[in-house]
Amino acid sequence: MKKIIISTFAISALLFTTSCEDDFDTDVNDVVITSGEANFSRYVALGNSLTSGYRDGALYSDGQNESYPSIIAQQMKLAGGGDFKQPLMPNNTGGFNNLPGFPGKLTLKVVNGSLTPVAGTAGGALDNIASGRPYQNMGVPGAKSFHLVAPGYGSLAGLATGTANPYFVRFASSATTSVLADAISQTPTFFSLWIGNNDVLSYATNGGTNSQTVGGVTTYTAATVQPETASPATYRSNDISNPSVVAASIKAVLDGLKGAGVTKGVIANIPDVTNIPFFTRVPYNAIPLDATRAQALNTQLYGPLKAILTAYGQGNRINPVVAGNNPVLIIDNKLADLSAQLTAALAANGYPATQAAFIGNAFGRARQAKPGELMLLTSSSLLGLDATTNQPATSSSVFIYGASFPIGDQYSLTADEVSNISTAVTAYNTSIKSMADSYGLAFVDMNKKMVELNSKSGITYNGVKYTATFVSGGTFSLDGVHLTGRGYAIVANEFINSINMKYRSNLPQVDANKYSGVTFP
């Protein structure tokens, strides 16, 4: 079985990496801190999971306490900022044990000799903490742009219909309010807004598919890049939001705040999600084969399949494998389904009927991944398993996920899907920058910062190098999407820098090295 293996060398690198250059300013301790042209007395943050402090696949209290808005608010207190209250989870496990799909946080455990992220049991049932409001951190995990302005997004009854979010249900002021309305009701003097990630992220993390489970059987269909004419109410959960919807939703947030007299704040664009570890950890050619195994696969499987596919003009789907690293076998639902043709041809060439049908159905829309296509982090738990037993493959295994049996469409992003994501992100970010300028707001280019983190050189602060490498890079948590405390500190510094530049304040940056990273057993 292919696992996420974290070497002792990588762990050491987290502790001892040094560099002669720093990408951040050092903390300022000997000057008078001022708010400049801004007023930080009541700061409210709007956004999604990244704003809430979500990490390790869950929302939990220690992670929330290191959210980037909380870090910013602490620095704002040095310049007259007020209290910053967060809707803290009641435990350090996270999740909801009375709602499906909300497990506890991921932790590193040794599985079959390798360190592997394993989800824990949820810490408790959905609670209600509305009596403790107002909360200045209005980050709601799972929220898309249009959810911030949607009435009823915090309705308990709406959970059953999919129109509400349990994280907002916890602290919404009423069943009919919106995230924006509850933010405005606090009469903030300054705000931050980072939204739009989920409008494309759920498409990406689900391999460009939507799922449906009926009678215990889950099927996957292609998610949609929604047209401008479609209402968000008709979107399925993993569809890509149309750029006009995202722009209109963000404008509605900014107009609502402006109408309430809140004109000073900071807004960030979104990173291209394909630059984060969830999509870069597993390479497209993650199948190592020795010469003997490669020859056997070519003789018994790849050769016959290629011959049949070539007869139907689809020979480029499968090519012989070689000794070394080979492309992962994936399902591409945009391909014509040749299941029936493969089954018939294999049977005609002496394959037993059951085996011919098994291979034909499995390879009807299968092909090898190509350079530039992305394997999701979730595929790492599947690659190398025996496809007939879902157990680690042995020397006698015939059908092995990724090598001799394709992984499902939900585990990869094809070139077309990567293009869909990039196009959407570019359009979203164009609108966000335009609105930052037109509304006179500070602007944070988080897309640029993520590209920098994803480079080999990364960024360095006080002698410690940070990159977007999974776990060992120091910035990303175990889910490969959300940040560690150190990662959120880096984000906070980017916001602080932009705030200072726009409003002539001099909030000091924080030492990212003082915040938490990945916890090793």
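Each remark here, short or long, concerns the structure printed above.
Residues numbered from 1 in each chain as written. Predicted model: local features only at pLDDT ≥ 70, side-chain atom pairs only at ≥ 80, totals over all residues. Heavy atoms only, no water.

Trainee: Before we move on, could you go through the pattern of salt bridges and cite the residues and values that matter?
Mentor: Using the criterion set out here, one finds 13 salt bridges in the structure. We note a salt bridge from Asp 255 to Lys 251, for which the minimum N-O separation is 2.7 Å. Linking Asp 255 with Lys 251, this pair stays in helix H8 (residues 243-259), spanning four residues, or about one helical turn. With its nearest N and O atoms 3.8 Å apart, the salt bridge here joins Arg 365 to Asp 337. Of the two residues, Arg 365 is situated in the loop between helix H12 (353-363) and strand E12 (366-368) and Asp 337 in the loop between strand E11 (329-331) and helix H11 (339-348); the sequence distance between them amounts to 28 residues. It is possible to trace a salt-bridge network through shared partners that takes in Asp 332, Arg 367 and Glu 373. (Salt bridge = Lys/Arg side-chain N within 4 Å of Asp/Glu carboxyl O. Helix = DSSP H or I, 4+ residues; strand = E, 2+ residues; numbered from the N terminus.)

Trainee: For the layout of surface pockets, give the residues involved together with the corresponding values.
Mentor: As a volume, the second largest pocket reaches approximately 350 Å³. Lining the second largest pocket are 17 residues, and of these Tyr 220, Ile 331, Gly 408, Asp 409 and Gln 410 sit closest to its centre. If one sorts the elements of the lining of the second largest pocket by residue count, strand E7 (residues 217-222) sits on top with three residues. Taken together, the residues that form the lining of the second largest pocket break down as nine nonpolar, five polar and three charged. (1 Å grid on protein atoms, 1.4 Å probe; cavity = no way out; pocket = protein on both sides within 12 Å on 5 of 7 lines; lining within 4 Å. Points joined across faces, edges and corners; volume = space filled by probe spheres on them. Nonpolar A, V, L, I, M, F, W, Y, C, P; charged D, E, K, R; others polar.)

Trainee: For empty space enclosed by the protein, give the residues involved together with the corresponding values.
Mentor: Gaps left between atoms show up when a probe the size of a water molecule is rolled over them. A full pass over the atoms with the stated rule returns three cavities of 30 Å³ or more. Its boundaries defined by the atoms lining it, the largest cavity holds a volume of some 150 Å³. Lining the largest cavity are 15 residues, with Leu 50, Asn 197, Pro 271, Ile 276 and Val 481 sitting closest to its centre. Every element with two or more residues in the lining of the largest cavity is listed here: helix H2 (49-52) and helix H7 (198-205). Within the lining of the largest cavity, the residues separate by chemical class into 10 nonpolar, five polar and no charged.

Trainee: Lay out H8 in plain terms, naming residues and giving numbers.
Mentor: Relative to the 24 Å expected for 17 residues at 1.5 Å per residue, H8 spans 24 Å between its end C-alpha atoms, a close match to the ideal helical length. Regarding H8, the residues found buried are Val 245, Val 246, Ala 247, Ser 249, Ile 250, Val 253, Leu 254 and Leu 257. Against the buried residues of H8 lie strand E1 (43-47), helix H6 (179-184), strand E5 (190-194), H7, strand E8 (265-268) and helix H13 (415-438). (Expected span 1.5 Å × (residues − 1). Buried < 20%, exposed > 50% of the residue type's maximum accessible area, 1.4 Å probe, protein only. Contact = heavy atoms within 4.5 Å.)

Trainee: So what's going on with the pairing of E1? Residues and values would help.
Mentor: Counting buried positions along E1 yields five of five residues, so the element is predominantly enclosed. Side chains Tyr 43, Ala 45 and Gly 47 of E1 all project onto a buried face; the interleaved residues Val 44 and Leu 46 project onto the opposite face, where all are buried too. Judged from the three bridges that link them, E1 and strand E4 (residues 137-139) form a sheet pairing that is parallel. Along E4, the bridge assignment pairs Leu 46 with Met 138. (Pairing = 2+ DSSP bridges.)

Trainee: An account of the packing of H7 against H13 is requested, with residue identities and associated values reported.
Mentor: Contact geometry of H7 with H13 gives a least axis separation of 10 Å together with a crossing angle of 170°. Comparing the axis directions of H7 and H13 gives the class roughly antiparallel. Together, Asp 199, Val 200, Tyr 203 and Ala 204 of H7 and Glu 417, Asn 420, Ile 421, Ala 424, Val 425 and Tyr 428 of H13 make up the contact between the two elements. Across the contact of H7 with H13, the residue classes break down as seven nonpolar, one polar and two charged. (Axes fitted to C-alpha atoms, helices over the stretch in contact; angles between N-to-C directions. Parallel < 35°, antiparallel > 145°, perpendicular 65-115°, else oblique.)

Trainee: I'd like a rundown of the packing of aromatic side chains, residues and numbers included.
Mentor: For the coordinates displayed, the defined rule picks out 19 aromatic pairs. Taking 5.3 Å as the distance between ring centres and 20° as the angle between the ring planes, the aromatic pair formed by Tyr 43 and Phe 84 counts as stacked. Here Tyr 43 is found in strand E1, whereas its partner Phe 84 is found in the loop between helix H4 (68-76) and strand E2 (106-111), with 41 residues between them in sequence. There is no split in this pair, since Tyr 43 and Phe 84 are both buried. Judged by centre distance (5.9 Å) and plane angle (65°), the ring pair of Phe 102 and Tyr 167 falls under edge-to-face. Placement of the pair is Phe 102 in the loop between H4 and E2 and Tyr 167 in helix H5 (residues 166-169), with a sequence separation of 65 residues. Residue Phe 102 is classed as partly exposed on the basis of its relative accessible area of 24%. Given a relative accessible area of 6%, Tyr 167 falls into the buried group. Taken together through their ring pairs, the aromatic side chains of Phe 40, Tyr 43, Phe 84, Phe 190 and Tyr 503 make up a single cluster. (Phe/Tyr/Trp six-rings, centres within 6.5 Å; stacked < 30°, edge-to-face > 60°.)

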